[in-house]
Amino acid sequence: MSLKFSETTFTPPLLGKINFNLGNVVPLTVTEKLEYFYAHITKVFLVRQNPTTGLLPAAVIVSEHGDYNDAWVRDNVYSILAVWALSLAYRKIDDDTGKHYELEQSVVKLMRGVLFCMMRQAHKVELFKKSLSPLDCLHAKYNTKTGDTVVGDDQWGHLQLDATSLYLLQLAQMTASGLRIIFTQDEVDFVQNLVFYIERAYNTPDYGIWERGEKINHGNAELNASSVGMCKAALEAINGVNLFGAKGGPGSVIHAFDDTIVRNHTGEQSVVKLMRGVLFCMMRQAHKVELFKKSLSPLDCLHAKYNTKTGDTVVGDDQWGHLQLDATSLYLLQLAQMTASGLRIIFTQDEVDFVQNLVFYIERAYNTPDYGIWERGEKINHGNAELNASSVGMCKAALEAINGVNLFGAKGGPGSVIHAFDDTIVRNRTVLSSILPRESASKEVDAACLSIISYPAFAVEDKAVIERTKKEIVTKLQGRYGCKRFLRDGHQTTLEDRTRLHYEPRELKKFEHIECEWPVFYTYLFLDALFKRDRQAAAEYKARIERVLVEVNGEQLVPELFYVPHNLVDAEKANPHSQDRVPNGNVPLLWAQSLWITGLLIDEGLLAPNEIDPIGRFLTVGNPKLPTVQVALLSESQWVKKKLEKYGIPTQTPEDISPIEIRNASELNNAYGLLGANTKLGLTGRPNRPIGTLLASRIVKAQRSTSVLIPAFLNQNEFYITFDHLFLVDNLRSHISYVHHFWRADGRPTISLLIRRPMLSTKAATEAILGLLQELMGGVCGGVKVRVAKLQELSLTAAISRLDFIRKDFHFKRPCMSDSRRQSINPLRVERSASIIDVMTDPRMSALLKRESSITDMMNSVGLDDDDDFAESEKEEDMQTLQASKRLTPEEKAQIRTLDVNEITALFAQTLNLYMQIEILYVLSKTKGMDYLVPFVHCDIMSVKELTEMIFQKAGRLNIWSVVRQSAALGNKWPYSIAGAVSDMLIQGKEVEIGDVIITKPVPTEKICAICAEQASDPREGLLMQEILYYLGQFIKTHPNLFGGFLRLRVSYVLLVLSAETARKSNGSKTDGLEQLLEQRPFDIKNMIHRLLDAEERKTPMTISQRDLRSMLATPELSVSSPLKQKKKGNWLRRRQIEGCLSRVPGGFYDKVYTVLENCRGLSILDRVLDSSIVLDSTRNEKNFCLRIEHLLDVVKRPSVRQIVIEILAVLYGIVTVQGQTDNVIDLYYVLQKAVALWYADSGQNTTDLQCSGQFGDGPAGFAQDTADKNYIDPGQLDNFLDVNVPRTAQWITKSLNQCYGIFK
């Protein structure tokens, strides 16, 4: 008979009572009734359920009667009955919220938690079956958090057969209801033994339901009817129950299994049990996940290994390389795959929240050095973590796979969906592409990368990168028995010192050619061929694996590795791959055996590749999405809308798109901070990180509202570059291109372009914006296909982000809409009072004001919009300000500093010169502070900080960029994404140098800005450094090809180049160049940097070709001809100065230096020496080796000299490849000194001919001149030598090397 809910009225409980059939009460629906009970169950029961073990405390007090925070078996079973009952009630309705499944899985988790506790005491069950002794029985209570026992065998009345029987009774009932509590045959066998454990209750005295035995409480057990009765009921209920349900065999509790369906279910549930076992271990360290999200410290990470029997940690935080992001990522990847295949691994919302936090735990793998797949960090094993491609790739794959997966499967609601973020995926993708085919800075190639270019990760979409990486591995690492892990890997070789984990300096060379070979990598290559349907390659690697299998007890097993016996080491080194190797004792390596069996199942046609890749990771290879980018044109106000309509540009106002709201992207930070938050686990959810470009290109649905997001760079409150409308237009084009290139999500990206009033305030701004809008209306922007339409229409095909995890008590800010009218600066326009006029009679003051003359065409030159409906007085004020604003001379600045407070305040009120006003505020900030209240007459008192903001806004509107930058520096404003820009450079493998500070890992924006300020001689200069960082970050994202040959980006030197080039064009000095640069709009400076990076004239290498050098060396004598006539004096010097500032090296440079070091004893510059023994530890293409070369070059501070040193090394490479080795440490500065002297003596050049080097000076502020007595070079001679073309300087360098070291003979 089916049961139905009564439709009688229902009132929510008051004072804990539930009252039915009360008159005059508004009836509740069935769903509302269930919602009440769900809220009650959650607050009373589920909030107390331990998220790790699933156990419930008996109560929440500790008293003289006991610690009721412990988990009693009996109490747990009874306590969870209400949760089970409510889940059954939810079955009767069409539940699309996932609550039915969540409740069911909370029941399963508790029942399995109790089972886990009892199975850890399986030896006691075995003892008790024979002895029936109270000291041999299962414990009656356990630690709620860990499942450990809490008291000794003789310290409690543990023998409570009614409790064990109650567990079996409810296990039978719940299994019959459809729950799956028992997973594996081991668990079935244990439950069967519990039946044997309780079946003799009829003659077994126990302590009963009240745990004390006889009522006098003297600890004597007695025969209890309640225990016997519960036992009888349990035996009747459990008898014949199939614990595997419909998938089980005929009586899986006590019968053996004999059909393939049963075996399949057993295998599936063994997988589930293992995955849950790993989850259990990690959840016990939830506090570490929370710590690591913020610190990224190896000491705060999850442990990498646990006790197999208990799940406990086995070594301390600092006793192992636990930080292995590839391992955590692999778990998440396979969790997603297994969930997609139909397995149910995650049971409760607590577990969902923990998995969500694992996403946050791994998502910054792109800038998190870890110990990697081999657990040791850099290959010399000194415990230093490094950025590993295999970790980054596995993380990227995991994030892509887990994103959008509902961990409760088809029964789950929106709360069990996992969210990963597109922008973090892109960052991992970018850094992965920049590292491959290398594994890390110390490993130029590693077979571990097979796991990310193919199964299981399929983390690389670019087929060319995949093939290049695979070719590197096969060429350099593949042998007859497998692949080496990496070059010079000493692990388990016979030459390795087993008494220590680390290697000594210069020790790695001895492992060359005898590295152990690992068959596991054959299994990866076998699976790779199967996925690609390359039958020939699959047959080859299958045969290779079969040749190395080892038979043990009749089974063909895959060994861990093969090593070269000690007596064959010399022969193997002399002739690699010639000697027979032997397997070590680790047979099988389960990891390798598992992949081998999986490959065989596919090869034999028993399994299809897509069945072990149900998410379809393999399908992403070579199939990038290139979507149409949707653009919604929004007007801030009716005024903007009408103005654009005059030009035929249709837009929508906030009223037109209602109820859709407009928000700044940054507002989502607080909302996403709730994602994964769980008080029971101590997890706070997503850290406060910027909302990225891709996430901001979605429509957001939350709390029954819909919002579109405005990109961060359009927020005018963020940084002054938003005042430059040419820059905004260019930025938007780059934004669209970036989204188009990196979009991988379902649905189309949708960018909301909010056009504000200031964007149309001048003719130039209006023309720039209109040009962009017309381009968008044409359907193509910057080569990207776009679609412009009404927002309501675009929403039908747009990508949607659903924030269903947001709590009901969370509230967004009000939508970010207000009419951006010009801020009046009236407080700066004060009438002259008698006191001010008196002050103005001071000759010093009148001298400062006399330069403010009338300029009649100023308004037209700036192009204030005649169609603007702002007050006429404001227009006039702007024109007067433009007329009056002129740069101050150093003398005028000095004169301002001599004035007292009254005088300087009066001068501020009298002048309209923004240069003077901001200089006055700078002086006041230094003498009085930013909070000082300026005492104006007939005007409101305002602080220095408020006045600075007003000047910032006005100068920005009028595009007076030097004042904008100075007021921004004074007001402590910085680019909204400066930290992101630096991170973008770092993840591309570039170091960032600001002055004498080198940044190698991400740092906060505040610290970056502080570094810029410290390294600058002028606050505006510090702002320019920040701008340069921002532009470089943009370019490296959109034009990474511009950065070939760069290992370090030297911001101070880039600023030096910009200043020098600006001065050169105006025939000014270095100081003039900086002042003129400060007047440039951001867009122009960005273009200057682009031209520097991409200048056609510098695409020709600044080193002599090997063909020319060989021809030169073939000449018996170096002839000295007359100096080469150059079209323009200073051209080659300028090129060397620019290249030296940029620090770009020619292609193959580091590889050539490696060859040089192989053929000499070392290299030196001044007092810094690089010994040739470095080649014993480093391989040719290691990044660490390149960094050592950069460290050597760092001693050269003068840009042009750095460049000529690079040319000397190129010449030296050509010589040693022809002439062979030399037994010398080559002093590169001495070679240069000698070359200059020889050239000067033979050519008779005049040291006064050349003057252009003054524009560059000696490098950025604070850098010392490269001088030392023994290395002194006359500056005039040096500049003239550096202005000679490359082939001629190469001749003198060659002659110098010959005379200094006798290399050329």
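Residues numbered from 1 in each chain as written. Predicted model: local features only at pLDDT ≥ 70, side-chain atom pairs only at ≥ 80, totals over all residues. Heavy atoms only, no water.

Q: Any chance you could explain the overall build of the protein here in plain terms?
A: The secondary structure content of the protein amounts to 49 helices and 26 strands. Buried positions account for 58% of the 1305 residues belonging to the protein. Relative to all contacts within the protein whose residues are 6 or more apart in sequence, the contacts with residues 24 or more apart total 75%. Of the roughly 54100 Å² of accessible surface on the protein, a fraction of 52% belongs to carbon and sulfur atoms. (Helix = DSSP H or I, 4+ residues; strand = E, 2+ residues; numbered from the N terminus. Buried < 20%, exposed > 50% of the residue type's maximum accessible area, 1.4 Å probe, protein only. Contact = heavy atoms within 4.5 Å. Areas by Shrake-Rupley, 256 points an atom, 1.4 Å probe, with all protein chains shown as cover.)

Q: Would you mind going over the nonpolar core with me for this structure?
A: Side chains of nonpolar character tend, in soluble globular proteins, to be buried together. Ranked by size, the top nonpolar core spans 164 residues in total, and within it Leu171, Leu335 and Phe354 carry the most contacts. Residues in contact with Leu335, not counting those within four places in the same chain, are Met275, Ile345, Ile346, Val355, Ile402 and Leu407. Within the second largest apolar cluster, 129 residues are counted, among which are Val426, Ile657, Ala798 and Ala955. (Core = buried A, V, L, I, M, F, W, Y, C linked by side-chain atoms within 4.5 Å.)

Q: How do you make sense of the pairing of strand β24 (residues 1162-1165) when you look at a structure like this?
A: Consecutive side chains of a regular strand alternate in pointing toward one face of the sheet and then the other. Side-chain alternation along β24 places Gly1162 and Ser1164 on one buried face and Leu1163 and Ile1165 on a second face that is also buried. Between β24 and strand β25 (residues 1168-1171), which pair antiparallel one after the other, the connecting turn spans two residues, and Leu1166 there sits at a positive phi close to 55°. Across three bridges, β24 lies against strand β26 (residues 1225-1227) in parallel orientation. The residue bridging Gly1162 from the neighbouring strand is Val1225, located in β26. (Pairing = 2+ DSSP bridges.)

Q: It is not clear to me how the environment of Tyr932 should be interpreted in this structure. Could you clarify?
A: The topology assignment puts Tyr932 in the loop between α32 (914-927) and β19 (933-934). Linking Tyr932 and Ser943, residues eleven residues apart in sequence, is a C-alpha distance of 5.2 Å.

Q: So what exactly am I meant to see when it comes to helix α43 (residues 1149-1158) here?
A: Residues lying three or four places apart along an α-helix face the same way, a consequence of the helix completing one turn every 3.6 residues. Taking burial as the measure, the ten residues of α43 include seven buried ones, the bulk of the element. Here α43 has its buried residues at Phe1149, Tyr1150, Val1153, Tyr1154, Thr1155, Val1156 and Leu1157. Along its buried surface, α43 packs onto β24, β25, α44 (1174-1177), α45 (1183-1193) and α46 (1199-1219).

Q: What is the right way to read a nonpolar patch on the surface from this model?
A: Taken together, the side chains of Ile597, Leu601 and Leu606 define a hydrophobic patch exposed on the protein surface, amounting to about 280 Å² of accessible area. Note on placement: Leu601 falls in helix α19 (residues 590-603). A relative accessible area of 35% means that Leu601 is categorised as partly exposed. (Patch = residues over 30% accessible without salt bridge, like charges linked within 9 Å, V, L, I, M, F, W, Y side chains within 5 Å. Salt bridge = Lys/Arg side-chain N within 4 Å of Asp/Glu carboxyl O.)

Q: Honestly, the environment of Leu138 in this entry has me stumped. Any pointers?
A: Residue position: Leu138 is located in the loop between α4 (122-131) and β6 (141-142). Along the chain, Leu138 and Val125 lie 13 residues apart, while their C-alpha atoms are 6.7 Å from each other. In this view, Leu138 contacts Met118, Gln121, Val125, His158, Leu194 and Tyr197; residues no more than four positions away in its chain are not counted.

Q: Help me understand helix α42 (residues 1131-1142) in this model?
A: Compared with an ideal rise of 1.5 Å per residue, which puts twelve residues at 16 Å, α42 spans 17 Å between its outermost C-alpha atoms and is within 8% of the ideal. Counting buried residues along α42, eleven of its twelve residues qualify, which places the element largely inside the surrounding structure. Listed in full, the buried residues belonging to α42 are Trp1132, Leu1133, Arg1134, Arg1135, Arg1136, Gln1137, Ile1138, Glu1139, Gly1140, Cys1141 and Leu1142. Residues of α42 that are buried sit in contact with β23 (1048-1050), α38 (1051-1066), α40 (1082-1094), α46, α48 (1275-1282) and α49 (1286-1301). Positive backbone phi, approximately 65°, marks Ser1143, located one or two places after α42. (Expected span 1.5 Å × (residues − 1).)

Q: In this structure, what is going on with the sheet that holds β25? I would like to understand it.
A: The pairing of strands in a sheet happens through backbone hydrogen bonds and is either parallel or antiparallel. With mixed pairing, the three strands of this open sheet are ordered in space as β25-β24-β26. With one partner strand each, in any of the chains shown, β25 and β26 form the two edges of the open sheet. Each strand axis lies, on average, 20° off the axis of its neighbour in the sheet, ignoring direction. (Axes fitted to C-alpha atoms, helices over the stretch in contact; angles between N-to-C directions.)

Q: Is there a simple way to think about the confidence of the model for the protein in this case?
A: Close inspection of predicted coordinates is inappropriate in any region flagged by low pLDDT. When pLDDT is averaged along the protein, the result is 82; 84% of the residues meet or exceed 70. A low-confidence stretch, residues 254-264 (pLDDT under 50), is modelled with 14 contacts involving residues beyond four sequence positions or located in other chains. Ignoring residues within four places in sequence, the model shows residues 1113-1127, a span with pLDDT below 50, making 25 contacts including any to other chains. (pLDDT = per-residue confidence, 0-100.)

Q: What should I look at first to understand the sheet that holds strand β22 (residues 997-999) in this one?
A: The mixed open sheet is built from three strands, whose spatial order is β22-β21-β23. Two strands bound the open sheet, and with one partner strand each, they are β22 and β23. Across the sheet, the axes of successive neighbouring strands diverge by a mean angle of 25°, strand direction being ignored. In the sheet, strand β21 (residues 991-994) pairs with β23 via three bridges, with the strands oriented parallel. Each bridged residue has a counterpart across the sheet, and for Glu993 the counterpart in β23 is Arg1050.

Q: Would you take a moment to explain the packing of α42 against α48 for this structure?
A: Two quantities define a packed helix pair, namely the angle between the axes and the distance from one axis to the other. Taken N-terminus to C-terminus, the directions of α42 and α48 make an angle of 95°; their axes are 7 Å apart at the nearest point. As far as their axial angle goes, α48 and α42 are roughly perpendicular. Across from Trp1132, Leu1133 and Arg1136 in α42, the residues of α48 making contact are Asp1279, Phe1281 and Leu1282. The residue makeup of the contact of α42 with α48, split by class, is four nonpolar, no polar and two charged. (Parallel < 35°, antiparallel > 145°, perpendicular 65-115°, else oblique. Nonpolar A, V, L, I, M, F, W, Y, C, P; charged D, E, K, R; others polar.)

Q: It is not clear to me how the packing of aromatic side chains should be interpreted in this structure. Could you clarify?
A: What describes a pair of aromatic rings is the distance from one ring centre to the other and the angle between the planes of the rings. Counted by the stated rule, this structure contains 32 aromatic pairs. A ring pair is formed by Trp374 and Trp518, whose centres lie 5.7 Å apart and whose planes are at 45°; its orientation type is tilted. With Trp374 in the loop between α11 (349-362) and α12 (389-402) and Trp518 in the loop between α15 (463-477) and α16 (520-531), this pair connects stretches of sequence that are 144 residues apart. Accessibility assignment for this pair places Trp374 and Trp518 in one class, buried. Measuring from centroid to centroid gives 6.4 Å for Tyr455 and Phe458, while their planes differ by 65°, and the two rings are edge-to-face. Here the two residues Tyr455 and Phe458 agree in accessibility, since each one is buried. Through a chain of ring-to-ring contacts, the aromatic side chains of Phe360, Phe421, Tyr672 and Phe805 assemble into a single cluster. (Phe/Tyr/Trp six-rings, centres within 6.5 Å; stacked < 30°, edge-to-face > 60°.)

Q: Is there a simple way to explain the packing of α32 against helix α33 (residues 944-958) in this structure?
A: Orientation of α32 relative to α33, taken along the N-to-C sense of each, is 155°, at an axis distance of 10 Å. As summarised for this structure, α32 and α33 are arranged roughly antiparallel, according to the angle between their axes. Handedness of the α32/α33 crossing: left-handed. Of α33, the residues touching α32 (which contributes Leu914, Gln917, Ile918, Leu921, Leu924 and Ser925) are Val944, Leu947, Thr948, Ile951, Lys954 and Ala955. In the contact of α32 with α33, the residues fall into eight nonpolar, three polar and one charged. (Left-handed = near helix turned anticlockwise from the far one by under 90°.)

Q: In this structure, what is going on with unusual backbone geometry? I would like to understand it.
A: A cis amide bond, omega 10°, links Leu436 with the succeeding residue Pro437. The residue Pro437 is located in the loop between α13 (422-435) and α14 (450-453) in this model. With omega at 5°, the peptide bond leading from Tyr455 into Pro456 counts as cis. Checked against the element boundaries, Pro456 lands in the loop between α14 and α15. Look at Arg488: it is not a glycine, yet its phi comes out positive at around 60°. Mapping Arg488 onto the fold places it in the loop between α15 and α16. The exposure class of Arg488 is buried, given its relative accessible area of 2%. Positive phi, normally seen in glycine, also occurs at Gln492, with a value near 65°.

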